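Coordinates in review
Next come the chains, spelled out residue by residue.
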Amino acid sequence: MIVIFLGKPGSGKGTQAELVSEKLEIPVISMGEILRNIKRQKTETAKKVSKLIDKGQFVPDNLIFGILDKRLRRKECNKGYILDGFPRTLYQAKMFKQKVDSVIYIDVSNSTIIKRLSSRRECSCGKVYNLLTKKPKKQGVCDDCGKNLYIREDDKPETVKKRLQIYNMQTKPLIEFYKKKGILHKVNGEQTIKRILSDIMKLLKKAA
Ligand code: AP5
Ligand code: MG
């Protein structure tokens, strides 16, 4: 099964993609996560990626498709996979030639997004916390690996605003694109993490 998670920055794509991945036993390909790992390297590409992400701008398509091709060749993707953060533009959606089974669109208001992103904390191991709803056991430290948590550079209020604008211009049209294909499923993202997961699982079972 190939599932795409679509939604505004901070809508909970990453959170839900991880939980659904455990349930369906298929991997998540998180484009943002992969790019943040590239950012940590000491290469020219890393410098370019850092500049763009930190300003809330998209990374060039050639890099995105290069990453995707490499990931999809892994054996673990044979049974299917979840895409979090791809596609983000109509061009990317049209260029992606695999048969998508389901697109989960997590619908959340801008005011909730701003609240959630200002209280998000992340670990370099990929685990995501929230000071309001998903606190680590020990303040500032990852429950899983014990490393210090940090605030994502692109979660600064000004950059969040910019990301929301770019989302509206570039990513929002994908809702209509996948609706026309009859594979879009809208989920109310203002509920608890548990309730959203339950709604998503019901939709995916119906779609299977
Ligand atoms: P990416 O990392 O994908 O960023 P994004 O789409 O902006 O989404 P986020 O990761 O910020 O939010 P999320 O929806 O995953 O929410 P989360 O689960 O963390 O991409 C980063 C950047 O990389 C892009 O800006 C771009 O530059 C580049 N990039 C990536 N893909 C690209 C592509 N295809 N092409 C070009 N460039 C690309 O949740 C947010 C917070 O809320 C967390 O703290 C969480 O704990 C909390 N939370 C989640 N659900 C709930 C809930 N139900 N109730 C309360 N709190 C909740
Ligand atoms: Mg994410």
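These remarks concern the structure in this document.

The rules we used
The numbering scheme is per chain: residues are counted from 1 as the chain's sequence reads. All chains are assigned letters beginning at A, and all ligands numbers beginning at 1, according to the order in which they are written. With pLDDT at 70 or above as the cut-off, local features in this predicted model cover only qualifying residues; side-chain atom pairs require 80 or more to be listed or tallied, and sums for whole chains, interfaces and linings still use all residues. Processing note: side-chain calculations cover all non-hydrogen atoms of the structure and skip hydrogens and water entirely. A cutoff of 4 Å decides nearness: a residue is near a molecule or strand if any of its heavy atoms lies inside that distance of it. Side-chain atoms alone can form a polar contact between residues adjacent in sequence; in general such a contact is a pair of N or O atoms within 3.5 Å, and within protein one must be able to donate a hydrogen while the other accepts it. Accessibility throughout is a Shrake-Rupley quantity obtained with a 1.4 Å probe, and a residue counts as covered only by protein chains that appear here. Note on conventions: DSSP H or I runs of at least 4 residues are helices, E runs of at least 2 residues are strands, and numbering of each starts at the N terminus. Gly is placed with the polar residues, together with every amino acid not listed as nonpolar (Ala, Val, Leu, Ile, Met, Phe, Trp, Tyr, Cys and Pro) or charged (Asp, Glu, Lys and Arg). To pair, rings of Phe, Tyr and Trp, with the six-membered ring standing in for Trp, must have centres within 6.5 Å; the planes then decide the type, stacked if under 30 degrees apart, edge-to-face if over 60, and tilted in the middle. Here the term buried applies to any residue with accessible area under 20% of the maximum for its type, exposed to any over 50%, and partly exposed to those in between, with areas from a 1.4 Å probe on protein chains only. When checking whether two residues touch, look at their non-hydrogen atoms; a contact exists if any pair is within 4.5 Å.

**Observations concerning the site of ligand 1**
Taken together, 33 residues lie near ligand 1, and T15, Q57, R88, R120 and R163 sit nearest. Contacts to ligand 1 include Q92, whose side-chain N or O atom sits 3.0 Å from a nitrogen atom. Expressed as a share of its isolated accessible area of 1,000 Å², the protein-covered part of ligand 1 is 96%. Of all the secondary-structure elements, those providing two or more residues to the shell around ligand 1 are α1 (13-24), α2 (31-39), β6 (128-130) and α9 (193-207). Among the elements that make up the shell around ligand 1, the one with the highest residue count is α2 (four residues). Across the shell around ligand 1, the residue classes tally to twelve nonpolar, 13 polar and eight charged.

**Here's the deal with the packing of aromatic side chains**
Under the defined criterion, the tally for this structure stands at four aromatic pairs. Taken together, a centroid distance of 5.6 Å and an interplanar angle of 90° make the contact between F65 and F86 edge-to-face. Placement of F65 in helix α4 (residues 61-72) and of F86 in the loop between β3 (81-84) and α5 (90-95) is noted, with a sequence separation of 21 residues between them. Residues F65 and F86 agree in their burial class; the two are buried. On the numbers, 6.5 Å between centres and 90° between planes, the contact of F65 with Y91 is edge-to-face. Note that F65 is positioned in helix α4 and Y91 in helix α5, a separation of 26 residues in sequence. Ring pairs connect the aromatic residues F65, F86, Y91 and F96, which therefore count as one cluster.

**Comments concerning α2**
Of the residues making up α2, those classed as buried are M31, E33, I34, L35, R36 and I38. Check the buried side of α2 and you find it contacts β2 (28-30), α3 (44-54), α4, β3 and β5 (120-122).

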